[in-house]
Amino acid sequence: MNWTVIAENLPLYAEGAKLTLFLAFASLAISFMLAVPLAFLRNSRVTAVRYAVLSYTLVFRGTPLLVQLFLVYFGLAQFELIRTSILWPWLSSPMVCVLLTFVLNTTAYTTEIFAGGLRHIPVGEIEAARAYGMSRRTQALRILIPAMLTRSLPLYGNEMIMMLHATSLASTVTLLETTGVARMITLTDYIQFEPYVTAAAIYLALTFVLVSGFQVVQRRWAGYLENRIG
């Protein structure tokens with residue numbers, strides 16, 4: 001095995017890891033802001049609104065992320081209306097297409113996670129907020145959203161890890177994140193094992209840090225739920 005090549009390309013792996021983290025956390029941050037209001041709409045009493053959100057989440061949770069990425073990156077270019085629109089300079093960029101696809105995908109999963117968290121809030125907490133005279137906006141900000149997030153933490157942590165791993169698909173559309181760097185080394189130096197083992201080690205290290213950090217957050221903000229269950 002030739003680990004000298006890996007040592008020489010460690011700066012490339014570092015840049016790839018930075019891009020991996022950027023893609024993961026940028027997608028998660030944008031999707032978080034979208035998923036919170038969508039979770040309320042997912043539980044709306046208005047049937048049309050509820051089923052519209054359900055249709056969106058069903059489509060993006062029911063189809064492979066790789067297919068979605070190819071449809072956005074390669075498929076949109078087939079439409080002349082899009083190629084001649086003001087959006088084309090952005091939609092022709094691999095980075096924008098990857099972020100758009102990742103955001104749409106993880107928002108669908110996060111919406112269902114948060115909507116489930118809302119449905120599991122005890123009725124007594126909502127009735128207490130109403131009895132206290134809180135407006136709907138105040139109820140949402142002080143009661144519903146915090147309770148929804150704390151109850152969703154375990155599943156949302158899994159979604160964050162899945163999103164981190166999903167960034168490896170960005171290499172299929174020319175982005176040199178961690179997996180893309182490994183693929184480039186295999187093509188230029190004709191070695192297969194070492195580049196991907198190194199990439200796997202980087203993903204493992206990032207996942208370990210993410211899981212450890214999330215456990216701290218969960219103990220800090222959702223520890224009372226564990227005590228209640230116990």
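As a convention, each chain's residues are numbered from 1 in the sequence order in which they are written. This being a predicted model, a pLDDT of at least 70 is required before a residue's local features are given, and a value of 80 or more before pairs of side-chain atoms are given or counted; all residues contribute to the totals for chains, interfaces and linings. Hydrogens and water are ignored here; the side-chain numbers use all heavy atoms of the structure.

Draft legend 1. A look at the overall build of the chain. Put simply, DSSP H or I for four residues or longer makes a helix, DSSP E for two residues or longer makes a strand, and each gets a number counted from the N terminus. Each helix and strand in the chain was counted, giving 11 helices and zero strands. Seen through its C-alpha atoms, the chain measures out along the principal axes to roughly 70 × 50 × 25 Å. For the chain, the proportion of its 230 residues judged to be buried stands at 44%. Pairs of residues are marked as contacts when any of their non-hydrogen atoms sit within 4.5 Å. Restricting to contacts in the chain with at least 6 residues of sequence separation, those with at least 24 account for 79%. Areas reported here follow the Shrake-Rupley algorithm with a probe of radius 1.4 Å; residue values treat only the protein chains shown as occluding. Total accessible area computed for the chain in this model is approximately 13,100 Å², and 69% of it derives from carbon and sulfur atoms. To sort residues, take the accessible area from a 1.4 Å probe on protein chains only and compare it with the maximum for the residue type: under 20% means buried, over 50% means exposed, and anything in between is partly exposed.

Draft legend 2. Here's a closer look at unusual backbone geometry. With phi around 80°, T174 is a residue other than glycine that occupies positive phi space. Positive phi values are uncommon outside glycine, yet Y190 reaches one of about 60°. A residue is classified by how much of its surface remains accessible, and Y190, at 71% relative accessible area, is exposed.

Draft legend 3. Just the packing of helix 2 (residues 10-42) against helix 7 (residues 94-119), in detail. At a minimum axis separation of 6 Å, helix 2 and helix 7 run at an interaxial angle of 45°. In terms of axis orientation, helix 2 runs oblique to helix 7. Handedness of the helix 2/helix 7 crossing: right-handed. Its residues assigned to classes, the contact of helix 2 with helix 7 comprises 21 nonpolar, six polar and two charged. Helix axes are fitted only over the stretch in contact, all axes being lines through C-alpha atoms; the angle between N-to-C directions runs from 0 to 180 degrees. Roughly parallel covers angles under 35 degrees, roughly antiparallel covers those over 145, roughly perpendicular covers 65 to 115, and oblique covers all other angles. Handedness of a crossing is defined here by the sense of rotation of the near helix relative to the far one, left-handed for an anticlockwise turn of less than a right angle and right-handed for a clockwise turn. Each residue is assigned to one class: nonpolar for Ala, Val, Leu, Ile, Met, Phe, Trp, Tyr, Cys and Pro, charged for Asp, Glu, Lys and Arg, and polar for all the others, Gly among them.

Draft legend 4. A look at the nonpolar core. Y13, L23, V98, F114 and M148 are the most contacted members of the largest nonpolar core, which has 50 residues in total. Breaking this core down by element, the ones donating at least two residues are helix 1 (4-8), helix 2, helix 4 (65-75), helix 7, helix 9 (136-166), helix 10 (178-189) and helix 11 (193-229). If you tally residues by element for this core, the top one is helix 9, at 11 residues. Not counting chain neighbours up to four residues away, the residues in contact with Y13 comprise I6, T178, V181, A182, I185, P195, T198, A199 and I202. In terms of nonpolar packing, the next biggest core, distinct from the first, is built from five residues, L38, V53, Y56 and A108 among them. Among buried residues, the Ala, Val, Leu, Ile, Met, Phe, Trp, Tyr and Cys ones that are joined through side-chain atoms within 4.5 Å form a nonpolar core.

Draft legend 5. Fine view of the packing of aromatic side chains. Within 6.5 Å between ring centres, the rings of Phe, Tyr and Trp (the latter by its six-membered ring) count as paired, and their orientation is classed by plane angle as stacked under 30 degrees, edge-to-face over 60, tilted in between. Following the criterion strictly, the structure yields six aromatic pairs and no others. Ring geometry for F114 against Y156: centres 5.4 Å apart, planes inclined by 45°, an arrangement best described as tilted. Here F114 is found in helix 7, whereas its partner Y156 is found in helix 9, with 42 residues between them in sequence. Judged on exposure class, the residue F114 and its partner Y156 are both buried.

Draft legend 6. The arrangement of the pattern of salt bridges in detail. Salt bridges are counted wherever a side-chain nitrogen of Lys or Arg sits within 4 Å of a carboxyl oxygen of Asp or Glu. Counted under the stated rule, the structure contains two salt bridges. With a shortest N-O distance of 3.5 Å, K18 and E15 are connected by a salt bridge. Taken together, the positions of K18 and E15, both in helix 2 and three residues apart, correspond to about one turn of that helix. Judged by its relative accessible area of 54%, K18 falls in the exposed class. For E15, a relative accessible area of 46% corresponds to the partly exposed category. For R42, the salt bridge goes to E112, with nearest N and O atoms at 2.8 Å. Linking R42 in helix 2 with E112 in helix 7, this pair joins segments that are 70 residues apart in sequence.

Draft legend 7. Spotlight on helix 2. A helix's residues, less one, multiplied by 1.5 Å, set its expected span. With 33 residues, helix 2 should reach 48 Å at 1.5 Å per residue; the first-to-last C-alpha distance of 45 Å fits that figure. Approximately 30° is the largest bend angle found in helix 2, and it occurs at A35, with the proline P37 only one to four residues beyond. The angle separating two fitted axes, one through the seven residues that finish at a residue and one through the seven that start at it, defines the bend at that residue.

Draft legend 8. Fine view of helix 4. Turning to helix 4, its buried residues are L65, Q68, L69, V72, Y73 and G75. On its buried face, helix 4 is in contact with helix 3 (47-61), helix 7 and helix 9.

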